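Spelled out from the first residue to the last, the chains are:
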Amino acid sequence: MSTNSSPPTRRSVLKIAAAGGALGSITSASSSIVNSARAAGTADHIAKGKRISGLEWKLLTKRRMSATQGVPPGKEDLAWVTNTVTLIHGPRDAVLVDTFLSEQHSKELLDWVVASGKNLTTIYVTHGHGDHFFGLKLLLDKFPNAKGIATASVVAAIQDQIKPEYIRSFWEPRFPGQLPSQLTAPEVIKGDTFYLEGEELKVVELGHTDTSHSTALYVPSIGLAVSGDGVYNNTHLYLAECDQAARDEWLRALDKIEALHPQTVVAGHGVLDPDSSPRHIEETRRYLRDFDACVGRTSTAIALYKAMLSLHPNRVNPGSLWAAAKAAKPSQKQP
Ligand SMILES: [Zn+2]
């Protein structure tokens, strides 16, 4: 993960961003290590002799199967989803935001963090869905001085998710033989701010996004918002836990992220080589509004599913939409 020897200024980062795909990234069928100035953040050089943040960030993205089975035929080529984790680091220390779901991806994540050469101090978990924290135990075993942290509501949700009965009934059938054998919950964070090499990292309470009590992590010194699952990138939103009120809450969460005026927005679920552009805030908002409109003018799950697919034909993970459609039109439960 080499970085430029002299960190570019914000302007040069933007210029490089405009060059788009000319920059290198390593992509395989199942994972993408994003390692370009387009996607990896560099120090935010604030002009006129003010403080220069020493923080940078990089992403690791892994592709996995959808959690929803029994999706109507068609769109098989899009039937996958990614998870993305963010490593925020200074010259010495690092904070990891979220982990992966499977044991294999967790091991690969561990290798990636070790290879960074950084001292992992903290693993922050954005929300209580297993695909964001199942790897926690493996990381904490390797970095015993690191702390896993999350808000009290997220810790409570995680404690529910890792109950043996829930693992047996929900996660194991969906990802048979793939889950880490040992799972753990993070500790409750005190307050809403913690520090990495003297720089603030702020917890942003988002309310309900794709689950209740979601959060984002914002790093003001580099304009980085790690959105948890608040923002999606070219992926069908997971709306199965959302009624109308929750979708409204999600829209307000997007307003909150937007009000930070972030330069970079990391989506929890996106493409293999994400651009982490703030434009995905508006695209996520548009998807939610489209879903509301389609709920209003359809009466069955399949009609809702097809109406949304016609508006968003190229997003990955149609299974997520199918689960949402069945939840919104429960009279159409499939066998
Ligand atoms: Zn997720």
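Structure first, text after, so check above.
The structure displayed is predicted, hence computed values, not measured ones.

Looking now at the coordination of the zinc ion. Within the protein, Asp131 (OD), His132 (NE2), Asp229 (OD) and His269 (NE2) serve as the donor atoms for the zinc ion, at 2.1 to 2.6 Å. Coordination at the zinc ion is irregular, judged from the four donor atoms that bind it and the angles of 89 to 178° they form at the metal. Read from N- to C-terminus, the donor residues coordinating the zinc ion fall into the pattern D-H-x96-D-x39-H. One end of the pair, aspartate 131, is in the loop between strand E6 (119–124) and helix H3 (136–142); the other, aspartate 229, is in the loop between strand E12 (224–226) and helix H6 (244–259), with 98 residues separating them in the sequence. Aspartate 131 gets classed as buried once you look at its relative accessible area, which sits at 5%. Using a relative accessible area of 1% as the deciding quantity, one classes aspartate 229 as buried.

As a further point, take the pairing of strand E4 (residues 81–89). Along E4, nine of the nine residues are buried, which leaves the element largely enclosed by surrounding structure. Neither face of E4 is exposed, since Val81, Asn83, Val85, Leu87 and His89 on one face and Thr82, Thr84, Thr86 and Ile88 on the opposite face are all buried. Taken together, the nine bridges between strand E3 (residues 56–64) and E4 define a ladder with antiparallel strand orientation. Its bridge partner being in E4, arginine 64 is matched across the sheet by valine 81. Here E4 pairs with strand E5 (residues 93–97) via four bridges, running antiparallel. By the bridge assignment, leucine 87 is partnered in E5 with leucine 96. Linking two consecutive strands that pair antiparallel, namely E4 and E5, is a turn of three residues.

This next bit is on the nonpolar core. The nonpolar side chains of a soluble globular protein tend to be buried, and buried together. Counting residues in hydrophobic clusters, the biggest one holds 34 residues, and the most contacted among them are Leu239, Trp250 and Phe291. When residues of this core are traced back to their parent elements, those giving at least two are strand E10 (199–207), strand E11 (214–219), H6, helix H7 (279–297), helix H8 (301–311) and helix H9 (318–328). Excluding its chain neighbours within four sequence positions, the residues that come into contact with phenylalanine 291 are Leu239, Arg247, Leu304, Met308, Leu321, Ala324 and Ala328.

This paragraph deals with the pattern of salt bridges. What the rule picks out here adds up to 13 salt bridges. Notably, a salt bridge pairs aspartate 93 with arginine 92, separated by 3.2 Å at the nearest N-O pair. A relative accessible area of 52% means that arginine 92 is categorised as exposed. Between glutamate 165 and arginine 168 there is a salt bridge, and its shortest N-O distance comes to 3.2 Å. Of the two residues, glutamate 165 and arginine 168 both sit in helix H5 (residues 164–174), three residues apart, roughly one turn of that helix. Residue classification places glutamate 165 among the partly exposed positions, given a relative accessible area of 48%. What makes arginine 168 exposed here is its relative accessible area of 57%.

Take the environment of aspartate 77 next. Inspection of the secondary structure puts aspartate 77 in the loop between E3 and E4. Its relative accessible area of 60% is what places aspartate 77 among the exposed residues. Each C-alpha atom, one on aspartate 77 and one on proline 318, is 9.9 Å from the other, the two residues being 241 residues apart in sequence.

Bringing the packing of H7 against H8 into the picture now. Remark: H7 packs on H8, axes separated minimally by 9 Å, with the N-to-C direction vectors making an angle of 140°. The way H7 lies across H8 gives a crossing that is right-handed. Between H7, through Tyr287, Asp290, Phe291, Cys294, Val295 and Arg297, and H8, the contact on the second element is made entirely by Leu304, Ala307, Met308 and Leu311. A per-class count over the contact of H7 with H8 returns eight nonpolar, no polar and two charged.

To summarise the sheet geometry, strands pair through backbone hydrogen bonds and adopt either a parallel or an antiparallel arrangement. Spatially, E9-E10-E11-E12-E13 is the arrangement adopted by the five strands of the open sheet, whose pairing is mixed. Since the sheet does not close on itself, it has two edges, and those belong to strand E9 (193–196) and strand E13 (264–266), each with one partner. Along the sheet, successive strands turn relative to each other by an average axial angle of 25°, direction set aside. Pairing between E11 and E12: three bridges, direction antiparallel. Bridging across to E12, tyrosine 218 finds its partner in alanine 225.

Conventions and cut-offs
Residue numbering note: each chain is counted from 1, following its sequence as written. The model is predicted, so local features are restricted to residues of pLDDT at least 70 and side-chain atom pairs to those at 80 or more, both for listing and for counting; the totals for chains, interfaces and linings are taken over all residues. The side-chain values count all of the structure's non-hydrogen atoms but skip hydrogen atoms and water molecules. For Na, K and Ca the donor cut-off is 3.2 Å; for every other metal, N, O and S atoms count as donors within 2.8 Å. Water does not enter the count, which can leave sites looking incomplete. Square planar and octahedral assignments, for four and six donors respectively, both demand that opposite donors be over 155 degrees apart and that all other angles lie between 65 and 115; tetrahedral needs four donors with all angles between 85 and 135 degrees, and anything else is irregular. Each helix corresponds to a stretch of at least 4 residues labelled H or I by DSSP, and each strand to a stretch of at least 2 residues labelled E; elements are numbered beginning at the N terminus. For every residue, the accessible area (1.4 Å probe, protein chains only) is compared with the maximum for its type, and the residue is labelled buried under 20%, exposed over 50%, or partly exposed between those bounds. The pairing criterion is simple: DSSP has to find at least two bridges between the two strands. We define a nonpolar core as any set of buried Ala, Val, Leu, Ile, Met, Phe, Trp, Tyr and Cys residues linked to one another through side-chain atoms lying within 4.5 Å. By the convention used here, residues are in contact when the closest approach between their heavy atoms is within 4.5 Å. Salt bridges are counted wherever a side-chain nitrogen of Lys or Arg sits within 4 Å of a carboxyl oxygen of Asp or Glu. Angular values range over 0 to 180 degrees, each being the angle between N-to-C directions of two axes fitted as lines to C-alpha atoms, with helices fitted over their stretch in contact. By the definition used in this description, the sense in which the near helix is turned from the far one sets the handedness, with an anticlockwise turn below a right angle giving left-handed and a clockwise turn giving right-handed. Each residue is assigned to one of three groups, with Ala, Val, Leu, Ile, Met, Phe, Trp, Tyr, Cys and Pro labelled nonpolar, Asp, Glu, Lys and Arg labelled charged, and all others, Gly among them, labelled polar.

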